[in-house]
Structures are given as C-alpha cells and as structure tokens.
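Next come the chains, spelled out residue by residue.
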There are 4 protein chains.
Amino acid sequence: MADSQAVRAALRAQRIETPSWAFGNSGTRFKVFAQQGVPRDAYEKVDDAATVHQYTGVAPSVALHIPWDKVDDYAALAAHARDRGITLGAINPNVFQEDDYRLGSVCNPDPAVRRRALDHLLECVDIMAATGSRDLSLWFADGTNYPGQDSITARQDRLSEALHAVYERLTGDQRMLLEYKLFEPAFYATDLPDWGTSFAHCVDLGPRARVLVDTGHHAPGTNIEFIVAFLLHRSRLGGFHFNSRFYADDDLMAGAADPFQLFRIMTEIVLGRGLDPAAGVAFMLDQCHNIEPKIPALIRSVLNVQEATAKALLVDAEALRKSQVDGDVLGANEVVMDAYNTDVRPLLAQVRQDMGIDPDPIGAYRRSGHQDRIAAQRVGGNAAGWGA
Amino acid sequence: MADSQAVRAALRAQRIETPSWAFGNSGTRFKVFAQQGVPRDAYEKVDDAATVHQYTGVAPSVALHIPWDKVDDYAALAAHARDRGITLGAINPNVFQEDDYRLGSVCNPDPAVRRRALDHLLECVDIMAATGSRDLSLWFADGTNYPGQDSITARQDRLSEALHAVYERLTGDQRMLLEYKLFEPAFYATDLPDWGTSFAHCVDLGPRARVLVDTGHHAPGTNIEFIVAFLLHRSRLGGFHFNSRFYADDDLMAGAADPFQLFRIMTEIVLGRGLDPAAGVAFMLDQCHNIEPKIPALIRSVLNVQEATAKALLVDAEALRKSQVDGDVLGANEVVMDAYNTDVRPLLAQVRQDMGIDPDPIGAYRRSGHQDRIAAQRVGGNAAGWGA
Amino acid sequence: MADSQAVRAALRAQRIETPSWAFGNSGTRFKVFAQQGVPRDAYEKVDDAATVHQYTGVAPSVALHIPWDKVDDYAALAAHARDRGITLGAINPNVFQEDDYRLGSVCNPDPAVRRRALDHLLECVDIMAATGSRDLSLWFADGTNYPGQDSITARQDRLSEALHAVYERLTGDQRMLLEYKLFEPAFYATDLPDWGTSFAHCVDLGPRARVLVDTGHHAPGTNIEFIVAFLLHRSRLGGFHFNSRFYADDDLMAGAADPFQLFRIMTEIVLGRGLDPAAGVAFMLDQCHNIEPKIPALIRSVLNVQEATAKALLVDAEALRKSQVDGDVLGANEVVMDAYNTDVRPLLAQVRQDMGIDPDPIGAYRRSGHQDRIAAQRVGGNAAGWGA
Amino acid sequence: MADSQAVRAALRAQRIETPSWAFGNSGTRFKVFAQQGVPRDAYEKVDDAATVHQYTGVAPSVALHIPWDKVDDYAALAAHARDRGITLGAINPNVFQEDDYRLGSVCNPDPAVRRRALDHLLECVDIMAATGSRDLSLWFADGTNYPGQDSITARQDRLSEALHAVYERLTGDQRMLLEYKLFEPAFYATDLPDWGTSFAHCVDLGPRARVLVDTGHHAPGTNIEFIVAFLLHRSRLGGFHFNSRFYADDDLMAGAADPFQLFRIMTEIVLGRGLDPAAGVAFMLDQCHNIEPKIPALIRSVLNVQEATAKALLVDAEALRKSQVDGDVLGANEVVMDAYNTDVRPLLAQVRQDMGIDPDPIGAYRRSGHQDRIAAQRVGGNAAGWGA
C-alpha cells in the first residue's frame, strides 16, 4: 500500500478490543500478585477500557466475561460504556470455574453437568442481545489428563451437540467464535486442541461459526500466519485473541515476545484484505499482566498491534507479488523486511495527531497521574480477578 | 476384547505394509552410510519385503516409490511380488528431487513446473492401474523458507487445482491419501503442514480423499491419537506412515522412541473399529534405517506395531466405558494401563505358531544366514538409495 | 542383574519420598477443584503419607513445604511421623508466595526482599536440624517476564550470593539440592532454567550442593536420562522430583505420560549404581492431583516408579555391554526392550508378600474404605492447598 | 551507548566470519539443488568470502572446513586470502563423513575409529599453525539413535579423553571452541547435546577451551541470550555460529527467522562488553543457502547481524539499569524496545560511507554483475558441496 493517505486512513480505522478481565488481578497457579487500583466491578473495568481507548484512539470496545462481569442490568452497563466513549464487545462465557466442571463442561460424561454448561452458554446468548454484542467467544477448558480417562470421540459428539444447540439460538448478526488451545488446563487430550478441530466444527455448524485464533495456543513451531491466511482465505477467520509467548500460553503483552511474528500475522491480514470490516475479523486482546501495571500494559499492547499493522500496511504488495512470481527468494523476503525494519512510530504519531490524541500514549498516560488516582480511589471492596 | 480367540484372529488378520525405500540406503544431510547387501533395483526390494513378510506373517505388501522403483513392466514386477508371496501396495510419487522443484512442485510459482509435477502424479495413477494398487500416497515437499518468499494463499489455490486434477483421474476403488508434515524440507511455511489442512482439502475433494498420518510429522506435544480418533470417527483416516521420533522427523523404527504413544494410537484404532478392513485404514511403515541393518529393522518395526496392536486389543472396552461414564479417572486409566503393561510376546508367539511361522521372527532371521547371503550376492551395481 | 534374589532385595530396599503438598488441593491458574477428605494440617498430611507407605512399603518419608507445613514444634511432628511408621524428609522452602516476591526472591533487585528470602532459607536450615532432614530442596520461581526487565548477570550474582550464604550454614550430613526449571512462573528468562546453570552453581559451592532433577522441568525433546547419567557419573545428582508431562510442567502422576522415559531414567540409575544409598540420590515425587483422588494417585505413582525400577533391574547389563562394544545397534536396543516389555507386576507382588504387605496396593486401598473414612472425618477447618 | 561516535566506531570495528562451506551447494536429505557459479575449490571459496567482505566491510575472514577445503599448501591459500583482503579463520574438522563414523567418531565404541578421528583433529591443529588460525571449532555428530545402543557415560569418558589429547596440542594463542547440538544426525542421545555439557568439559580442560553457541542448536523455547550472558559473564563464551531457525537446525540466514532474538543476543553481548576483542568472542556465520543464491545470502546475513548489533549499541544502558533497579517492568522493557524499533539502516549507511564502501551492499552487489560473471566463469569441475 504505497499511498500514505490510505495507510493513515487504515490506521485510523483500526479497532482493537480490550478484555475486561485483563484489568483485574491475575497470576499463575503459584501466586496472584495483587496490585493497587484494580477495578472492583464491571463498571470500573469499563472505565479502564475507556482509559485505554482515550489514550490510543483505536480500542473502542471491551469484551466481557460472564459471570466475572455479571451485572443485574446489562443495558445500564452498555449505557455506562457509551458514556465513556466505548461499547461492549464480545461475550465470553465461563464454563470452567465450577466444581461441577472437574471433568469438563459440555464434554462432561455427566449429562446434568453438560446441561448446566449449555444453559450458561444460552444465557450468554441472551446477554448478547442486551449488550448489543455481535460475537460469542467460546473457549472450553474441556479435556482429559490421563489416557483412557474418557472417550475422545464421545466427547467430540457431546461437544458437537452443545455447539449446535447454541448455534441455533443465534439471531441477527450474531456469530459464534470457536477458540482452540493445545493444552492447559487439560494435560493429556484437549477437546478443541487445534485449528483443524475448530474448523471442522465450524463447517458443520454453518456460516455464523468461525475460528478464533489465540496467538498463545499453539504447539512450539506452529506457523500461525499460515493458519490465519488459510482461514481468512476461506472466510472462516472469526478473529484473534492477541497476546504473546515464549513457552506455553504465557499471555504476555501482544508483540512483546515475538514482534516479527505479530507483523507476519498482520501482513497476511493486510494481504488478504482482513482489515476490511466486511471480512468479519475481530481483533481482540486476551492477556494477563501478572507483574506489570494493567492499564499501561494494555496501552502498550494496543500500540504493539498497531505498530505491526502499520508495518504490514507498508509492505509493497505489488513489488512482493512480482518477486514471488519471478521466484526471487531474496528479493521477496527483502520487500517484507523493508517494511518490518521501518520505524513506524513517527507515522503513528502523525495518525494520532490526525485523530486529536496525544502522539505519545504511554508518556501521556504516565504524565496524567491516572494510575495514582485509581490507586487512591479504589480502596476497599473486592479487587477483580479471574474468580470474580 | 475379552475373547482371546477374537484377539488372536484379529492379530492374524492384521496387515502392515513395508516401504520399498526403507530397504535402500538412507541417511541425513550429513552422511549416508552405505550398508552391505542393499538391493540394487525394485525387484530386489520386493525380495526384501517378501523376506520381512516371511518372518512376520503380517507384512504382505510393499509400497513403491516412483521413480525410485520405476520399471519398464509393472505387471512383471507385480507378478514377481506374487511369486514371492506378497503384493504391490501404495504408489508414492516423487515431486521433490528434480532441480525444477527448488521452489516447489504443484505449488511452484512457475506454471510449467506445476504442469510437470502434475504430469508425474497422473502418471502414477496410471501405474496404480498396472500394479493393482488402491492407494496413491501424496506427500509434497512444497513450502517456503523465508517470510514473503511466496504467497501462502496462492500456493493453496495451486495445490487445490492439482489435487482436483488428480482426484478426477481416480477410478474404481482407487483412493488418494493426503499426507501432511510440519516442516522439512521447507523451513518457514509448509503448504500442507498439519492434519487440518489435509482434512480441509480432502473434504473439498470428496470421499476418495483421506488424510494420511505420518507419526513423525507433528509439532512437539501434538496428541496424535486425538487426530487419529477424530479422523477415524469422520471416516477420513486413510492410513498411517508409521515410524518414531524423539525430536523432529527422525524416522526411527516404529515404536522405538515412544512405544506407549504407538499403543495409544492403536487403542483408538481398536476402539473406533479401525482394524476392520471396511474402515479403509492402511497401516504402512515409512522410516529410515541409517545405522542399523534394514531387514531386521523392518522386522522389528512390524513386530512393534503388532505388539502395540495386541495390547490395544487387550483393553477391556466394557470396563473402560464403565469407568469413563462413572468419571473414575484412576480406574479408567488403570484399564488402559493394565493392557499396556501386559507382556504380549507369549500371545504373539502363539499367533505365529497358529500361522505356521517361527514364534521368534528376529531370532529366526538371525539364524537364517540371510543377511550374509545378500551381502555376498549383492555386489556390484548401484545400491538403492533415496536418489534411485 | 540376572540374580532374581538381588533384584528382589533391591526392590525391597528402594525408598521413594512423597511430598506433603500433593495431599492437599491443587489446580491450575483457572481453577482449583476442591476434593473431600483433604488434610487440614501438617499432621494429617503426615497421616496420608503414612497411608501411602502402609500400602506400598517403599515410601517411608514425606517431604515438607515451609510455610505450608509450618508447625510450632517440628520435633513433635517428627515424633508423630515416627508413630505412623515414617520419617520427615526433605525441607522445601517457599520464596514465591509473598507479594514482596513479585520481581523475584533471592534475585530481586531490591536488597530488602533478597534479605527476607535469605532469612527464610536460613530458617529452613534450622528446621532441618529439628526434623532431622538431610536435604534442603531449593526451587526458585525467580525470573523475568519481559526482555530488559532485569539484568540476567546481576541476577546470577545475587543468586550466587544467596546460595553461598545458605551453603555455609549447612552442617553434618546436610545437603543442598538445587532444582532448575525451564519456565513458569517466569515467562521470559528463568534464573535457574536448566541443569547446566544448576550444575555450575553446585560446582562453585562445593560437594554438599547437588542438582535436583524434576522430570517435568525441561524443554520439549530434552533427553532427561542423558542429564541423569551425566550428573550421576560426576557425583552431582542429588535426586529427583518425579512427575510426568505431555506438554509443560503438567505435574501428572509419575510414569503416566511416558512410562518408557521413566524406565530409561531408572535404567541409567541402575547402570550407574545410583540405587546404592552411597550414591546419595534422593527419589522424591513432586506432582499435582488436580482431578483425581490424592492418596490412590500417590500410591499409583509410587508403583509406577517401582515398576520402572524393576524393569531397569532386569536389564541384562552384561549382554548390553557386549552388544554395545560389538556395535550391534539392534541387539543392544533389544536387550533394553526385553526388560521394558517384561510384565513385572508378578515380581512386585512377590516382593510385597516378602515384605508382608498386600500384593495389590491399589485394590487393597480401595477395599479398605479409607477414602470414605477421611472424607467423613475431615470436615470443617481449612483444606490444605498450595497457599497453606 | 549514547555517544553516536562510539556507536559508529564499534560498528566499524565489528568482525563477522563467513564459513567457506556456505558458498558451496547444500540441501536437505531430500535434495541438494545445484546452483550456478558455485566455487569448485578452496581458492574460489576464499574469493567468494572476499566478495562478501568487499561489499560489507565487516567480514574480513573465512572459516575453513577440513577436508572439504583441503589444499596441499595452506600457506599459499593464506597468501591468496591476503591478496583478496581477508584472512583464514577458524579451522573446522570433519569427523562425520567417513563410513567408519557410522557409530560415532571420538565416542565410537571401536578404539581404532576413535584413534582415526583423533588423528584428524590433531592434523587440524597442525593446519591451524599453517593458516595462522586461532580457533579450532569442534562439532561432533556423535550420538546414538536408539536407547541402549551405547553407554552414555562410556561415551562421555571417550569424549573427554579425546578432548584432552587435542587440548594438550594447542600452543600460543590457539583455542578450542566446543559446540553443542540438541540432535541431528543423532536422534536419541547426542554426546554434546547442550551448553551445560560443553561447559563442563571446557571447565575440565582449562582456559583455552570455550563454548561455541550455534543459534540453531537448541530445544524449542530455549532462551539463548541467557546462555550467552551466562557464559560471557564467566569468560567461557568462545563464539557464535549464527544462523536462524523456525523449527530445528534449519540453518536459515542469520536474523531471518527471529530478528528480535538476534537483537536480544547482541544486546547481552554489548551489555557484557563482548564486542571488545579482549572478551575473546568469535562472531561467525554457519548456515545453508539451499534455495537462494549464496553470496547475496551471506551479505544479507552479515547485514542482519550488523543491524542487530547497531540496535543493541543503541540500548540506553544507563536508563535500562535505572529502570531495572527501580523494578519498573514496563519502563525497562521500553528502553530495550526503543532501540529495537529504531531503523538503523541510515546509521549503517553512514558507517559504510565512513569506511569507503557502498552504503547499500545488496544493491551494489546486484548492480555489479558479479553473480552472472561467476556463473559464466565457473563451468566444469566439481561444484563444492558438503561432501567436498
């Protein structure tokens, strides 16, 4: 995309959704380190998401996690979000935190547990109507820890049954995004372990069902941009849960561990016209800030996705295609690397000025004193975390 | 399968195909260590495959690799095989060893190269008619080494076009088995990197197309038995290329690196009725014997698959199902482990005696003096290898 | 070891230590599923460890975790253990669960935090005197999540300083076992990530310092038995934390995920005379039972280590050496596999009868009604977990 | 390093050694694709290395591989190199390409084979005297493919014996660089699989022995910069074999697969003063150009190392240290990322102009017509490859 006007327009139009749960405390199985100023309820999480949007200009919605963000009146929560300049985004059901789910949720051998899990999923579809959300993001912790523990195929059949029941409840522009994950919390066989499994179920279900790619959920060595390009090419890419990793599902800030990978992913998006809203790709963050402060970490993550996108937009698609057709291995690689090696921070500073926000979001946030303010204000109550 | 008569019958009925190329010299990029007594042509490879069958009783066919096994008269080769007590099995085209294929075969950016590769594939379908083979095993070395080198999606389209052209040529009971591989020789993006990609193409093509699982072609941590169970459940498992690995595509003897994994895979096969010929699962070896003598290594590999199958047949499916339904994690695992911990060698010795062969195949081969004989006879000529 | 008398004697003499924390509730960052009958304090954990010993005969000690097992009077706890037929084993300090440790313990950039961590380690040496423990098991959660977060080498210097301070406090037969772990909870750079780092520090410290190998703490593909053989050969193998894994540090029951690997490890131990108490190798379990009942899971784990040991003892070392010297690849492998493929359960049943315990530990425990009894008795109070 | 004069001086002083074998044909076990213009002997390889230096200015030496680069008169070859403006660098013995080495070289169970391998190593020390080389780079393909094949510890003892014999032969400023590799060509247990093993042997040997880090030789997830920082801190880092990888030992162009990792490595080098010649760190490339033209691929690789170094030199060490001491996770990471995100190509263009070479090495090489010239000239003879 040689035209810098078009590049800037594309960058202004980008939309990255923040996850409400990333504003709360999180950690590993070893320890959750509590931080100051953490929100106590869904309203304060919405406030924090609005803060991220205020400084970045490209994060105008926040995903909810049910029941962690359960409120009596979702319309009131949506109105609160609108007041703050953002909207409510994807609904993320939770079918992994009840003692009943020890052996799985919709794949559990016990039909009563499956019914309970399905009821929660259907309740979340109802919530989508109240929040005006388009996307139901489904992640299942289901799986087994030991060979023989349960039947792989029986669990597939149970999964399929539940997915169909939920799918049939969708109306209007509602969609189902089906996430996969190699392992954790299941350590032998996960019921949706890879994109192939999600894809097969989505094809079974119909066009409203699409694969959700969490960038931290793959085996070592997996070429994620291949998956992204493949799914986008077949109109089955529903969206992303961005984060980054060195080892397993580390949930580090997007772009922190492998900025080149994030760029390669965004390059496939740009080349496949996935930035076009008509492509139906939702760009969402899903990460943990175990030791760093949450709001600036989310601002940083948004900026990292934005920088990767800017670089991807600078790839000279025409020169690339020519080198590819010519079989010029080094030349084609050079076209891509030229874009990657460009410092896009001046360009993004310009884009922000065009949008009327501070060209230096991190500096501006730091100077604002906001972090101290919320630390002082948010005292008492229960700090939000993965359990609430 | 509590009934030991049925277990023994199932073991007598098992069929494991050997690969002609495993009888030739092979190695790594660092060195091919030449061995004595290696076959010089397709006829001698058939002889060696017949030897493996003679000592095991369950390896009655041999897969061919074209052009490494090219002969003027395939009917004559098939007759030679019948004389030796075996048949010709799957046909494996080679579209990776011409200088033209530097940037790929059917995915190459150059249409002339794609045409050449397709012609070879179609020629192999013709060979299948001559050899009476049911299965065309397709493995493509296609992929790229550097980001940007070629378009992921353009290559998918080219792949799809070639697969359709080959598929349309199939007649009678002919099938296409589509293999995937994470990496090597491509080191950035392989065009068929995982089962999901193979599966999607097979679904596009139709019921004659099925996924071929090579047990060495996965990312670290991949649960292969999940893939096997999933594909078998959907009638898309075409067969196996058995071998084993500690690291990458090491191509060690099947069962040598992780006998428990091989057992788990065969357990899914048994539980999913995949041993039934009607299931259409081809059990084939595909491995390299870089430092060990080839014929006894293949005998050992056949025995390892056989032992894993025997253990899988001993899993008490009824007790397993009950423990699974009850959510008895330890009990269900114990059912599986009881079978795995059983020493099935006495049972298999009995099966062999029922079949009229020596109960100790390795010992019998060693005592036969055959290895010395072929070392003495096969002098001069060009020892078979991956290049011929 | 051809002499079956010697094999049985070796099996009767084996000692496997259970970890007190494995009797409490555990889980993943997503959820800890509470179980019934879980101990409420260190005394009840000792009771559970004694139960495991009662049924297996080879688990006569229990490792403690401080402060999770903190008591006012360690001599009284030791006496309680003796009453139950076991002893107190290794002391495991905890320097990862205070908010102060967000950026590390002995490697923390803040000297006050380092001092606090060191004080706890020294306190644990004092506890060793009271409990009569020989081994201090050191595992540090220290590391960083982001490039640049802290200086790798400054952290090494701080680590070294703390280790020296602790080492100098050791007296009598006390030892320091230094554990390493690839990742988690640190997701960028762990301060003791591999055996090489532990080894280098142990060599710096002196002969009382030895490497502790946790079988779940390695990168994919790591050959653990190589490390074990190497360290044992150099008298630097302090012991094991046994558990098993398919993916990361899954902490599944020892031998559940890869029984062949456990056998290979125990084979190196047997060949290197590591079962001899003079070798100074401590055999300990360290695992989590997230979804299965804890006591039978620990019994199963002890049995799995025992079965692997029995098979390792059956390796015909003389035949193996001969095949190795002759360069007989298949023959040498066959010697090892012959032992592995043997069903050692009848042998172990005999060993148990020699020891006066039930030949079927799992069945005997199940029939005893003990699980129901503790579920009924242990009501109220705080169930033990990783936090207490 | 805030001082841009110092940064430019450091960049002008950088030295990156090219490997003679990378100019010859190479490939995978599946196929070696021949290229045009490939050198036919050591003299032409030296010419190609000189060409890389001519265009980059920072590649003034070439490593030799014996016997691939065997000549009658090494002094004459050294003189030829000097004529072309470069020198002969590290000597790399080859003890993996004789049929005798099927079961290993210095670790082989057969003492005659071990003797042969040792003789070759000692011959290479003699060659070092003739070429004026400082470093002997030792990589051993030794290892086993199957459990039991050989004794891990016996092989360690044999390795140690050979290393001592070679070490004792070193004189003057000669050094031994000891490389490790996780796997390939050995697929079960490699005799020098990780840095810990190399380090332990180097400590045994003495100060002339140092660890050689090949960036492609690690298990997935290994933090290479940790190893680099650790070894440099202890004066045991002998040097690098740079290349890059997505999967195994892919040997792609340095910096092509993970430029951020290369930057992190170079940052540890800069922070640990490893660029100072007194630190004794040799910066060498070791890679394969299977599908791309070799000379420009090596120019690109040199540039990639140079760019990573330039970025590392831009890290504000003082600001970094302050953020680290303050425990400012995001701030410290930002210091590092600021340097990484800088486009250093203009700075390097300036450095090149200071050195009197073309600011655009790739473009200059392309425009020179050199590639066509060597393609036309180098016809007939045997193109160099891994076998010669």
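What counts, and at which threshold
- Residues numbered from 1 in each chain as written.
- Chains lettered and ligands numbered in written order.
- Predicted model: local features only at pLDDT ≥ 70, side-chain atom pairs only at ≥ 80, totals over all residues.
- Heavy atoms only, no water.
- Buried < 20%, exposed > 50% of the residue type's maximum accessible area, 1.4 Å probe, protein only.
- Helix = DSSP H or I, 4+ residues; strand = E, 2+ residues; numbered from the N terminus.
- Contact = heavy atoms within 4.5 Å.
- Axes fitted to C-alpha atoms, helices over the stretch in contact; angles between N-to-C directions.
- Parallel < 35°, antiparallel > 145°, perpendicular 65-115°, else oblique.
- Left-handed = near helix turned anticlockwise from the far one by under 90°.
- Nonpolar A, V, L, I, M, F, W, Y, C, P; charged D, E, K, R; others polar.
- Expected span 1.5 Å × (residues − 1).
- Polar contact = N/O pair within 3.5 Å; in protein donor to acceptor, adjacent residues only side chain to side chain.
- Buried area = accessible area lost by both parts, 1.4 Å probe.
- Salt bridge = Lys/Arg side-chain N within 4 Å of Asp/Glu carboxyl O.
- UniProt positions renumbered as here; feature names shortened; annotations may be inferred.
- Phe/Tyr/Trp six-rings, centres within 6.5 Å; stacked < 30°, edge-to-face > 60°.
- Lys NZ or Arg CZ within 6 Å of the ring centre and 35° of its normal.
- Least-squares fit on C-alpha atoms with pLDDT ≥ 70 in both.
- Core = buried A, V, L, I, M, F, W, Y, C linked by side-chain atoms within 4.5 Å.
- Pairing = 2+ DSSP bridges.

The name recorded for chain A in an unreviewed UniProt entry is Rhamnose isomerase, from Kibdelosporangium phytohabitans.

Q: Please set out helix H6 (residues 195-205) of chain A residue by residue, giving values where relevant.
A: The buried fraction of H6 of chain A is high, at 9 of 11 residues. Along H6 of chain A, the positions that sit buried rather than exposed are Trp195, Gly196, Thr197, Ser198, Phe199, Ala200, His201, Cys202 and Leu205 of chain A. Considering only its buried residues, H6 of chain A is in contact with helix H5 (152-169), strand E6 (175-179), strand E8 (209-214) and helix H7 (224-233) of chain A together with helix H6 (195-205) and helix H7 (224-233) of chain B. Just past H6 of chain A, the residue Gly206 of chain A takes up positive phi, approximately 135°.

Q: Describe the packing of H7 of chain A against helix H8 (residues 259-271) of chain A, and please don't skip the residues or the numbers.
A: Each pair of packed helices can be summarised by the angle the axes make with each other and by the distance between the axes. All names here are of chain A. Where H7 contacts H8, the two axes come as close as 9 Å, and the packing angle between them is 15°. Classified by the interaxial angle, the pair formed by H7 and H8 is roughly parallel. Where H7 crosses over H8, the two elements pack in a sense that is right-handed. Residues Ile224, Glu225, Val228, Ala229 and Leu232 of H7 pack against Gln261, Arg264, Ile265, Glu268 and Ile269 of H8. Of the residues contributing to the contact of H7 with H8, the split by class is 6 nonpolar, 1 polar and 3 charged.

Q: Describe helix H4 (residues 111-131) of chain D, naming the residues involved and giving the relevant values.
A: All names here are of chain D. For H4, which comprises 21 residues, the first-to-last C-alpha distance of 30 Å matches the rise-based estimate of 30 Å (1.5 Å per residue) to within 8%. Turning to H4, its buried residues are Val113, Ala117, Leu118, His120, Leu121, Leu122, Cys124, Val125, Ile127, Met128 and Thr131. On its buried face, H4 sits against strand E2 (61-66), helix H3 (74-84), strand E3 (87-93), strand E4 (135-138), helix H5 (152-169) and strand E6 (175-179). The N-cap of H4, judged by a side-chain oxygen 2.8 Å from the amide nitrogen of Ala112 a few residues on, is Asp110. The positive-phi residue at the C-terminal boundary of H4 is Gly132, with phi of around 75°.

Q: Mind laying out the interface of chain B and chain C, listing which residues take part and the relevant values?
A: Contacts between the two partners involve 33 residues from chain B, matched on the other side by 33 residues from chain C. Surface buried jointly by chain B and chain C totals about 2400 Å² across both partners, of which 54% is contributed by carbon and sulfur atoms. Looking only at chain B, the three residues that lose the most surface to chain C are Leu330, Asn341 and Arg345 of chain B, adding up to 23% of its buried area. Where chain B meets chain C, there are 6 salt bridges. One salt bridge in this structure joins Arg345 of chain C and Asp338 of chain B, with 2.8 Å as the shortest N-O distance. Applying the counting rule to chain B against chain C returns 5 residue pairs in polar contact (both at pLDDT 80 or more). Only helix H8 (259-271), helix H9 (294-314), helix H11 (329-341) and helix H13 (361-368) of chain B provide two or more residues apiece to the side of chain B that touches chain C. For the side of chain B that touches chain C, the element with the most residues is H11 of chain B, which contributes 8 residues.

Q: Can you lay out the UniProt feature "domain: Xylose isomerase-like TIM barrel" (unreviewed entry) in chain A for me, pointing to particular residues and giving the numbers?
A: Here, UniProt's "domain: Xylose isomerase-like TIM barrel" (unreviewed entry) annotation points to residues 67-251 of chain A. Along residues 67-251 of chain A, the helical share is 38% and the strand share 17%, with 21 Å between the first and last C-alpha atoms.

Q: Can you lay out the packing of helix H1 (residues 4-13) of chain C against helix H9 (residues 294-314) of chain C for me, pointing to particular residues and giving the numbers?
A: Residues and elements named next belong to chain C. Remark: H1 packs on H9, axes separated minimally by 10 Å, with the N-to-C direction vectors making an angle of 150°. With respect to their mutual orientation, H1 and H9 come out roughly antiparallel. The crossing of H1 and H9 is right-handed. In this structure, H1 contributes Val7, Ala10 and Leu11 to the contact, and H9 contributes Gln306, Thr309, Ala310, Leu313 and Leu314. The residue makeup of the contact of H1 with H9, split by class, is 6 nonpolar, 2 polar and no charged.

Q: So what's going on with the packing of aromatic side chains? Which residues, and what values?
A: One pass over the structure, following the stated rule, counts 86 aromatic pairs over all chains. Ring centres of Phe246 of chain A and Tyr247 of chain A lie 6.4 Å apart, and the angle between their planes is 50°; this geometry places the pair in the tilted category. Grouping residues by exposure puts Phe246 of chain A and Tyr247 of chain A together as buried. Clustering of aromatic rings is evident, with ring pairs tying together Phe260, Phe263 and Tyr340 of chain A together with Phe260, Phe263 and Tyr340 of chain D. Above the plane of the ring of Tyr340 of chain A lies Lys311 of chain A, whose end atom (NZ or CZ) is 4.4 Å from the centre. Across the ring face of Tyr101 of chain D, the terminal group of Arg116 of chain D is positioned such that the distance to the ring centre comes to 5.8 Å.

Q: Quick rundown of the environment of Gly331 of chain C? Include the residues and the values.
A: Looking at the secondary structure, you find Gly331 of chain C in helix H11 (residues 329-341). Gly331 of chain C sits 12 residues away from Ala319 of chain C along the chain, and the two C-alpha atoms are 9.0 Å apart.

Q: Kindly report on the side chain of Gln261 of chain C, identifying the contributing residues and their values.
A: All names here are of chain C. Mapping Gln261 onto the fold places it in helix H8 (residues 259-271). The class for Gln261 is buried, based on a relative accessible area of 18%. Here Gln261 is in contact with Ile224 and Glu225, once residues within four sequence places are set aside.

Q: Can you tell me about the interface of chain C and chain A, naming the residues and giving the values?
A: Taken together, the contact pairs 43 residues of chain C with 43 residues of chain A. Approximately 4000 Å² of surface area, both sides summed, lies buried where chain C meets chain A, with 63% of it carried by carbon and sulfur atoms. Counting the surface chain C buries against chain A, the share from its top three residues, Arg29, Phe30 and Tyr146 of chain C, is 22%. Across the chain C-chain A interface, the total number found is 8 salt bridges. In this structure, the salt-bridge partner of Asp249 of chain C is Arg29 of chain A, at a minimum N-O distance of 2.8 Å. Partitioned by chemical class, the residues of the side of chain C that touches chain A number 26 nonpolar, 6 polar and 11 charged.

Q: Residues and numbers for the relation of the copies chain B and chain C, please.
A: Its rotation angle being 180°, the transformation that places chain B on chain C also includes 0.0 Å of axial translation and leaves an RMSD of 0.0 Å. Taken together, the turn and the small shift mark the pair as related by a two-fold rotation axis. Taking C-alpha positions as reference, the residue of chain B nearest the rotation axis is Asp343 of chain B, located at 2.6 Å. Same-surface contact between copies: 100% of interface residues of chain B are shared with the interface of chain C.

Q: Explain the nonpolar core to me, and be specific about the residues and the numbers.
A: If you look at soluble globular proteins, the nonpolar side chains tend to sit buried side by side. Judged by nonpolar contacts, the single largest core of 215 residues is most densely connected at Phe140 and Phe240 of chain B together with Phe140 and Phe240 of chain C. Not counting the four nearest positions on each side in its chain, Phe140 of chain C is found in contact with Val95, Ser105, Val106, Leu121, Leu159, Leu163, Leu178 and Leu192 of chain C. With 213 residues, the next largest nonpolar core counts Ala42, Met128, Val166 and Ala254 of chain D among its residues.

Q: Explain the pattern of salt bridges to me, and be specific about the residues and the numbers.
A: All names here are of chain C. By the definition in use, this model includes 136 salt bridges over all chains. The shortest N-O distance in the salt bridge between Glu98 and Arg116 comes to 3.1 Å. Of this pair, Glu98 sits in the loop between strand E3 (87-93) and helix H4 (111-131) while Arg116 sits in helix H4, placing them 18 residues apart in sequence. The exposure class of Arg116 is partly exposed, given its relative accessible area of 35%. Close ionic contact of Asp135 with Arg134 constitutes a salt bridge, the shortest N to O distance being 3.2 Å. For Asp135, a relative accessible area of 4% puts it in the buried group. For Arg134, a relative accessible area of 31% puts it in the partly exposed group.

Q: Outline the side chain of Ser137 of chain B, listing residues and values.
A: All names here are of chain B. Inspection of the secondary structure assignment puts Ser137 in strand E4 (residues 135-138). The exposure class assigned to Ser137 is buried, which follows from its relative accessible area of 2%. Among all residues touching Ser137, those that are not within four sequence positions of it are Ala90, Ile91, Asn92, Pro93, Leu177, Leu212, His241 and Met284.

Q: Just give me the short version of the environment of Phe260 of chain C, but keep the residues and values in it.
A: The topology assignment puts Phe260 of chain C in helix H8. A C-alpha to C-alpha distance of 7.6 Å links Phe260 of chain C and Tyr340 of chain C, two positions 80 residues apart in sequence. Leave out the neighbours within four places in its chain, and Phe260 of chain C touches Ala256, Ala257 and Pro259 of chain B, Met337 and Tyr340 of chain C together with Pro147 of chain D.

Q: An account of the pairing of strand E4 (residues 135-138) of chain A is requested, with residue identities and associated values reported.
A: All names here are of chain A. Side chains Asp135 and Ser137 project from E4 onto one buried face, and the interleaved Leu136 and Leu138 project onto a second face that is buried too. The pairing of E4 with E6 spans 4 bridges and is parallel. The partner of Ser137 across the bridge, within E6, is Leu177.

Q: Just give me the short version of the pairing of strand E6 (residues 175-179) of chain B, but keep the residues and values in it.
A: All names here are of chain B. Across the 5 residues that make up E6, a large majority, 5, are buried. Of the two faces of E6, the one carrying Arg175, Leu177 and Glu179 and the one carrying Met176 and Leu178 are both buried. Relative to strand E8 (residues 209-214), E6 runs parallel, the two being bridged by 4 bridges. By the bridge assignment for E8, Glu179 is matched with Leu212.

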